Amino acid sequence: MGYLFLFLSLFSSLTIAVMLKFFEKWGYDRIVVIASNYAVACLLGMFLSRPSTMESSVIPFAVIVGLLFFVTFVIYSVAIRKEGIAPAVTFGRISLAIPVLLSILLWGERPGILNFLGLVVIFIVVLLWEGKTTRLSAILATLFLLSGTIDASMKFFKVHFSSVNEGKFLLFIFFSAFLWSWAYVFIVKKNLRFSHIFAGLIMGIPNFFSSFFLLKTLGRVAAYVSFPFITIGLIALSALAGHTIFSESLPRRKILLILLGILGALALTL
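Residues numbered from 1 in each chain as written. Predicted model: local features only at pLDDT ≥ 70, side-chain atom pairs only at ≥ 80, totals over all residues. Heavy atoms only, no water.

## Brief notes about the overall build of the protein
When you go through the protein residue by residue, the secondary structure sums to eleven helices and zero strands. Reading the secondary structure of the protein in the N-to-C direction produces α-α-α-α-α-α-α-α-α-α-α. Taken over the C-alpha trace, the protein has a radius of gyration of 18 Å; the compact-globule value for 270 residues is 18 Å, and the two agree within 12%. Principal-axis analysis of the C-alpha atoms places the extent of the protein at approximately 45 × 45 × 35 Å. In the protein, the share of contacts with a sequence separation of at least 24, taken over all contacts with a separation of at least 6, comes to 90%. Total accessible area on the protein is roughly 13000 Å²; 71% of this is exposed by carbon and sulfur atoms. Measuring between centres, the 21 positive side-chain charges of the protein sit 3 Å from its 9 negative side-chain charges. (Helix = DSSP H or I, 4+ residues; strand = E, 2+ residues; numbered from the N terminus. Rg over C-alpha atoms; globule rule 2.2 N^0.38 Å. Contact = heavy atoms within 4.5 Å. Areas by Shrake-Rupley, 256 points an atom, 1.4 Å probe, with all protein chains shown as cover. Lys, Arg positive; Asp, Glu negative; His and termini not counted. Charge placed at Lys NZ, Arg CZ, Asp CG, Glu CD.)

Structural data, given as structure tokens:
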């Protein structure tokens, strides 16, 4: 069942990536889309909440994570503008090192030799994917830390608040992100169009379930498997989707990296 949730989280994340690609092609305002998606994510969290023990410390934790969701998106946008797409994407992806290391050092997960080799292979694929060397800058380091912290917070929740319903936890996260993002939208006086808002509402469905199924996965599958698996799966499937749907080039080098990444993912599961 754990791997079923893992694939569902991966599929949800892929859906988000494809939708964002369409929205970019159509010239939609990404910030308005992101802000709008949190409304539906909140409703789904409310719908999937069930009576459960709710520790008081969970709420401020969820509110902080919600803030990180939005701040990380803003930092990612700034990183793309200042450093370029390839460096921003690379540092966002290699941030999986943070939850993986924390799961091993703090939460007692113990990868075997094959698992460790799989991790090394996946990190190599991620670093080589964009094919460019990148200098470390403050904005990229910030993106790395924030992205990794968000992923680690999901594992932290499963370890320390296992009695709390996932839907209820995500409800507070997305409600916090909703408030922060719309405050930003009104402060910068974004031009609001119904089509952009509606697109965000639709995207809220896969966005919620990508996190929901991830939490379900982390309760059953080790974090050193879950995060690298989703990362390499998203890289491979996004590349294939881009090639088939958007006619993007898929050079032989990336095909070889996809095959290498698949081998690394298989090694993680052994």
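## Points about the nonpolar core
With 77 residues, the main nonpolar core has Phe69, Met154, Phe169, Ile173, Phe174 and Met203 as its most contacted residues. Discounting chain neighbours no more than four positions away, the residues touching phenylalanine 169 are Val58, Phe61, Ala62, Met154, Phe157 and Leu215. (Core = buried A, V, L, I, M, F, W, Y, C linked by side-chain atoms within 4.5 Å. Buried < 20%, exposed > 50% of the residue type's maximum accessible area, 1.4 Å probe, protein only.)

## Observations concerning the side chain of threonine 72
Looking at the element boundaries, threonine 72 is found in helix 3 (residues 58–83). On the basis of relative accessibility, which here comes to 10%, the residue threonine 72 falls in the buried class. In this structure threonine 72 touches Leu143, Leu146, Ser147 and Ile150, once residues within four positions along its chain are discounted.

## Overview of the environment of arginine 110
Structurally, arginine 110 is set in the loop between helix 5 (97–105) and helix 6 (113–129). Taking relative accessible area as the criterion, arginine 110 reaches 59% and is therefore assigned exposed. Arginine 110 sits 114 residues away from tyrosine 224 along the chain, and the two C-alpha atoms are 8.7 Å apart. Setting aside anything within four residues of it in sequence, one finds arginine 110 in contact with Ile104 and Tyr224. A polar atom in the side chain of arginine 110 sits 2.8 Å from the backbone oxygen of isoleucine 104. (Polar contact = N/O pair within 3.5 Å; in protein donor to acceptor, adjacent residues only side chain to side chain.)

## Some remarks on the packing of aromatic side chains
Summed over all chains, the structure comprises 25 aromatic pairs. On the numbers, 5.7 Å between centres and 40 degrees between planes, the contact of tryptophan 182 with phenylalanine 186 is tilted. With tryptophan 182 and phenylalanine 186 both in helix 8 (residues 166–187), this residue pair falls four residues apart, about one helical turn. Its relative accessible area of 13% is what places tryptophan 182 among the buried residues. (Phe/Tyr/Trp six-rings, centres within 6.5 Å; stacked < 30°, edge-to-face > 60°.)

## Some words on the environment of proline 111
Looking at where proline 111 falls in the secondary structure, it is placed in the loop between helix 5 and helix 6. The spacing of proline 111 and leucine 268 is 157 residues in sequence and 8.3 Å in space, taken between C-alpha atoms. Each residue touching proline 111, except ones within four places of it in the same chain, is listed here: Ile104, Phe116 and Tyr224.

## Overview of unusual backbone geometry
Positive phi, close to 60 degrees, is recorded for serine 247, a residue that is not glycine. Along the polypeptide, serine 247 turns up in the loop between helix 10 (223–245) and helix 11 (252–269).

## A few points about helix 2 (residues 30–47)
Between its first and last C-alpha, helix 2 extends 26 Å over 18 residues, near the 26 Å set by a 1.5 Å rise per residue. Buried residues dominate helix 2, accounting for 13 of its 18 residues. Sitting at the amino-terminal end of helix 2 is aspartate 29, which places a side-chain oxygen 3.0 Å from the backbone nitrogen of isoleucine 31. (Expected span 1.5 Å × (residues − 1).)

## Considerations on the pattern of salt bridges
Following the criterion strictly, the structure yields six salt bridges and no others. The partner of glutamate 24 in a salt bridge is arginine 30, with the nearest N and O atoms 3.6 Å apart. Overall, the relative accessible area of 28% leaves arginine 30 in the partly exposed class. Of the charged contacts in the structure, one is a salt bridge between lysine 216 and glutamate 166, with a shortest N-O distance of 3.5 Å. In this pair, lysine 216 sits in helix 9 (residues 194–218) while glutamate 166 sits in helix 8, placing the two residues 50 residues apart along the sequence. When sorted by exposure, lysine 216 lands in the same class as glutamate 166, which is buried. (Salt bridge = Lys/Arg side-chain N within 4 Å of Asp/Glu carboxyl O.)

The values reported here are purely geometric and, on their own, carry no functional implication.
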